[in-house]
Amino acid sequence: MSDARHRPSASEPGPNPLAAGENNISVEAARAAIDAAIHPTTDVETVPIALAVGRILADDVISPLDVPPHDNSAMDGFAFDGRALDATQALTLRIVATMHAGAAPVEGVETGQCVRIMTGARMPAGLDTVVPFELCRVDDGDNVEIPASVIAAGENRRFRGEDLASGKAALTRGRVLRPADIGLIASLGLTTASVRRRLRVAVFSTGDEIVSPGQPLPPNCVYDSNRFALIAALQRLGMEPLDFGLVADNRASLQDAMARALEDVNVIITSGGVSAGDADYTRDVMTSMGSVSFWKVAMRPGRPFAFGKLSGRNGRDAWLFALPGNPVASLVGFYSLAREALLKLAGASAQPLPSLDARCTVDIRKRPGRTEFQRGFVWLGDDGKWMVRPVGSQGAGILRSMAEANALIVLPDNHGSTKAGDFVSVWLFDGLT
Ligand code: AMP
Ligand code: MG
């Protein structure tokens, strides 16, 4: 099923990056315009592998050696020459030596002989097969009987370089390092990894009615949730969020906050103050500081959105993602429009949220013309198929339903209503970045 991640094909009219202005730009077009505008930052640092999980690899890791460095046994058992096997009768061999992992290989093993060998021990020359202890009968301690057909020639032998071959790329740059990758780097004898510098992202919230948690709540005000949700989302992406606090609804405060952030970040993320009802100064301030486009993205929730580049006095610049103020809209905007762009900026190869098709258990009313993101809960049905249902109230300000959800149901812009039993595309975000 198509979903909002699909890029427009070459035959479709391309988006007009950074010049979209007032319009009803599609989610696909907004994503494509952002993607076309941004290029990864290039700062690199070297970190100990113990601190490298979640970081983005800056260079290919080339293996300096073969892993494993020699053929070795994959089991505790008896190593022998597999050519002696006969499918119709048992094979009896004389045990001539025992080899533990790390020992020098026994030499001169002859036909009719075998070696007791432990997992990881180097295969003696001429021996290519290991039969596990539990498949054999050892009679007087000197001889072992291997029943017919329990083992084939060549089994349970690990080959030199089968994990990694010397001179080959073990991991490629752009990879977000996972625990297995860290182990792989260690298996090459390396202690450090060359990774991208963390993207520094300033986050602030706008609005005269917004109050920081921990403060008394005056009448007519609400606590700031966006800043904390967005900072948390950035942390999960391995980025370095900087809390720039609250900005009041006036020109000077916004200008000052932008100017301060520009001093030392790659990206500025704001929430609130970009919808049609907001004072014109938001637009004035943002556009006067760089090239910023204000879009009405054809999506729900999260229609108002601004994107562009701000420039500081000292030649520094930063990307701006101005998200809507409604708490769900700001997070949906983050996941649908900002997340992958931030990862690309940070130097990561494409990292879309995992998506799958799930059977929707209820009707969802929708009119064509915009992409709708519903908060959904995905589970595995009794028939082994993924199921999904919308959770809670879908109002753009209802953060609780976002907290109850583990996925976004993505209803593409050209689709109308969904019937119970139809498959819908979902983006999983619970437990993931
Ligand atoms: P705005 O986009 O500034 O017009 O805000 C839309 C709605 O979101 C208003 O009800 C705001 O009070 C609310 N809102 C804006 N920013 C935040 C925030 N940081 N935390 C919680 N609610 C917010
Ligand atoms: Mg506001």
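None of the values given here were measured: they were computed from a predicted structure. (Residues numbered from 1 in each chain as written. Chains lettered and ligands numbered in written order. Predicted model: local features only at pLDDT ≥ 70, side-chain atom pairs only at ≥ 80, totals over all residues. Heavy atoms only, no water.)

1. A few points about the sheet that holds strand S18 (residues 290-296)
Inclusion rule: Two strands qualify as a pair provided that DSSP identifies no fewer than 2 bridges between them. Helix and strand definitions here come from DSSP, where helices need a minimum of 4 consecutive H or I residues and strands a minimum of 2 consecutive E residues; each element is numbered from the N-terminal end. Lines fitted to C-alpha atoms define the axes here, with helix axes fitted over just the stretch in contact, and angles between the N-to-C directions of these axes take values from 0 to 180 degrees.
The strand order S16-S13-S17-S21-S20-S18 describes an open sheet built from six strands, whose pairing is mixed. Here the strands that pair on one side only, and so sit at the sheet edges, are strand S16 (240-247) and S18. Across the sheet, the mean angle from the axis of one strand to that of its neighbour is 15 degrees, orientation sign disregarded.

2. Examining helix H6 (residues 327-345)
Definition in use: Two axes enter the bend calculation: one fitted to the seven residues ending at the residue in question, the other to the seven starting there, and the bend is the angle between them. Here's how the labels work: a residue is buried when its accessible area is under 20% of the maximum for its type, exposed when over 50%, partly exposed in between, all with a 1.4 Å probe on protein chains only.
When the local axis directions of H6 are compared, the greatest deviation, roughly 50 degrees, occurs at Ala338. Counting buried positions along H6 yields 17 of 19 residues, so the element is predominantly enclosed. In the segment just after H6, Gly347 is the residue with positive phi, at about 100 degrees.

3. Brief notes about the packing of helix H4 (residues 251-262) against helix H5 (residues 281-288)
Threshold: Orientation labels follow simple angle bins: below 35 degrees gives roughly parallel, above 145 gives roughly antiparallel, 65 to 115 gives roughly perpendicular, and whatever is left gives oblique. When the near helix sits turned anticlockwise from the far one by under a right angle, the crossing is termed left-handed; a clockwise turn instead gives a right-handed crossing. By definition in these notes, contact holds between two residues if any of their heavy atoms fall within 4.5 Å.
Where H4 meets H5, the closest approach of the two axes is 10 Å, and the angle between their N-to-C directions is 30 degrees. With respect to each other, H4 and H5 are oriented roughly parallel. Crossing geometry of H4 relative to H5 is assigned as right-handed. Contacts between H4 and H5 involve Arg251, Leu254, Gln255 and Met258 from the former and Tyr281, Thr282, Asp284, Val285, Met286 and Ser288 from the latter.

4. Structural notes on the packing of aromatic side chains
Here is the rule: In this scheme Phe, Tyr and Trp rings, the latter by its six-membered ring, pair at centre separations within 6.5 Å, and the angle between planes marks the pair as stacked below 30 degrees, edge-to-face above 60, and tilted otherwise.
As enumerated under the stated definition, the model contains eight aromatic pairs in all. Measuring from centroid to centroid gives 5.2 Å for Phe307 and Phe321, while their planes differ by 55 degrees, and the two rings are tilted. Of this pair, Phe307 sits in strand S20 (residues 304-311) while Phe321 sits in strand S21 (residues 317-323), and the two are 14 residues apart along the sequence. Looking at Phe307, the relative accessible area reads 0%, which means it is buried. We classify Phe321 as buried; its relative accessible area is 0%. Between the aromatic rings of Tyr335 and Phe429, the centroid separation amounts to 5.1 Å while the plane-to-plane angle is 10 degrees, which identifies the pairing as stacked. Highlighted residues: Tyr335 in helix H6 and Phe429 in the segment after strand S26 (423-428), separated in sequence by 94 residues.

5. A word on the pattern of salt bridges
As a reminder, the rule being used: The salt bridge criterion pairs a side-chain nitrogen of Lys or Arg with a carboxyl oxygen of Asp or Glu, the two atoms within 4 Å.
Counted under the stated rule, the structure contains 19 salt bridges. For Arg31, the salt bridge is made with Glu340, and the minimal N-O distance between the two is 3.1 Å. Of this pair, Arg31 sits in helix H1 (residues 27-37) while Glu340 sits in helix H6, placing them 309 residues apart in sequence. Among the salt bridges present, the one from Asp256 reaches Arg260, with a minimum N-O distance of 3.4 Å. Linking Asp256 with Arg260, this pair stays in helix H4, spanning four residues, or about one helical turn. Classification of Asp256 by relative accessible area gives partly exposed; the value is 43%.

6. Let's talk about the sheet that holds strand S6 (residues 113-117)
Here six strands make up an open sheet; going across it, the order is S7-S4-S6-S5-S9-S8 and the pairing mixed. Both edges of this open sheet fall to strand S7 (129-132) and strand S8 (137-138), since each of them pairs with a single strand only. Note that strand S5 (residues 91-99) and strand S9 (residues 143-146) share four bridges and pair antiparallel. Bridging across to S9, Leu93 finds its partner in Val144.

7. Points about empty space enclosed by the protein
Here is the rule we go by: As defined here, a cavity is a set of points on a 1 Å grid over the protein atoms alone where a 1.4 Å probe fits but cannot get out. A pocket is an open set with protein on both sides within 12 Å along at least five of seven lines, and residues line them when an atom is within 4 Å of a point. Grid points are joined across faces, edges and corners, and a volume is the space filled by probe spheres set on the points. Each residue is assigned to one of three groups, with Ala, Val, Leu, Ile, Met, Phe, Trp, Tyr, Cys and Pro labelled nonpolar, Asp, Glu, Lys and Arg labelled charged, and all others, Gly among them, labelled polar.
One pass over the structure, following the stated rule, counts two cavities of 30 Å³ or more. Its volume calculated, the largest cavity comes out at about 70 Å³. Considering the residues around the largest cavity, the lining is formed by Gly54, Arg55, Ile56, Arg196, Arg197, Arg198, Leu199, Leu237, Gly238, Met239 and Ala346. Looking at the lining of the largest cavity residue by residue, the class counts come to five nonpolar, two polar and four charged.

8. Section: the nonpolar core
Burial of nonpolar side chains together is a common tendency in soluble globular proteins. In plain terms, the rule: Grouping buried Ala, Val, Leu, Ile, Met, Phe, Trp, Tyr and Cys residues that are joined through side-chain atoms within 4.5 Å yields what is termed a nonpolar core. Domain delimitation in this document rests on an assignment produced automatically or drawn from a domain database.
Counting 50 residues, the largest nonpolar core has Ile269, Phe321, Phe334 and Leu342 as its most contacted members. Contributing elements (two or more residues each) for this core: H1, strand S13 (200-206), helix H3 (226-236), strand S17 (267-271), S20, S21, H6 and strand S25 (407-411). Counting residues per element, this core draws most heavily on H6, at 11 residues. Among the domains, domain 1 (4-43 + 199-345) and domain 4 (355-431) are the pair contributing at least three residues each to this core. Contacts of Phe334, omitting those with residues within four sequence positions, involve Leu230, Ala233, Leu234, Leu237, Ile269, Leu323, Arg339 and Leu342. Of all hydrophobic cores here, the second largest spans 24 residues; its members include Phe244, Val247, Val274 and Ala306.

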